[in-house]
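Residue-level structure breakdown
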Amino acid sequence: SKAYKIYRNPKNITTCHIAYLAAEREVNNSLLKDLSKYSILTVGDNESFIDNGGMISFINRDNKVKLIIDPIEAKKVNLHIDSQLLEVALEVKN
């Protein structure tokens, strides 16, 4: 099993592989801009997260969790999102 860590100080996030950013829009916009310099998969929980530069967002549709994915944002930091994950996404941004 892999360990996880909760970062309270955004400056420390740059040492991780995946950053889940909760729905605090003002904080996320700033963090997403800062994290775009690193190969960190950014994951959020609302549709505006993708519009602001996030890579994967979990959203609730019809009482089911669905994915919106932006593979272009991932590619900008040399990350690849597998085609099988893209196939199950509700929406793939281009």
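Residues numbered from 1 in each chain as written. Predicted model: local features only at pLDDT ≥ 70, side-chain atom pairs only at ≥ 80, totals over all residues. Heavy atoms only, no water.

Details of the side chain of glutamate 73
Here glutamate 73 is to be found in helix α3 (residues 71-76). Other than its neighbours up to four places away in sequence, glutamate 73 contacts Gly53, Gly54 and Met55. (Helix = DSSP H or I, 4+ residues; strand = E, 2+ residues; numbered from the N terminus. Contact = heavy atoms within 4.5 Å.)

Considerations on the sheet that holds strand β5 (residues 91-92)
Sheet architecture is open: 5 strands sit in the order β1-β2-β3-β4-β5, paired in mixed fashion. Among the strands making up the open sheet, the edge pair consists of β1 (18-20) and β5. Pairing geometry for β1 and strand β2 (residues 41-44), over 3 bridges, is parallel. Across the sheet, alanine 19 pairs through a bridge with threonine 42, a residue of β2. (Pairing = 2+ DSSP bridges.)

Looking at the pattern of salt bridges
Note on pairing: side chains with opposite charge can pair once their charged atoms come close. As enumerated under the stated definition, the model contains 4 salt bridges in all. Among the salt bridges present, the one from lysine 76 reaches glutamate 73, with a minimum N-O distance of 2.9 Å. One end of the pair, lysine 76, and the other, glutamate 73, are both in helix α3, 3 residues apart, so they sit about a helical turn from each other. A residue is classified by how much of its surface remains accessible, and lysine 76, at 58% relative accessible area, is exposed. Salt-bridge contacts for lysine 93 lead to glutamate 91; the nearest nitrogen and oxygen are separated by 3.1 Å. Assessed through its relative accessible area of 26%, lysine 93 is described here as partly exposed. The exposure class of glutamate 91 is partly exposed, given its relative accessible area of 33%. Among the charged side chains, a salt-bridge network with shared partners connects Asp51, Glu91 and Lys93. (Salt bridge = Lys/Arg side-chain N within 4 Å of Asp/Glu carboxyl O. Buried < 20%, exposed > 50% of the residue type's maximum accessible area, 1.4 Å probe, protein only.)

Function cannot be inferred from these measures alone, as they are strictly geometric.
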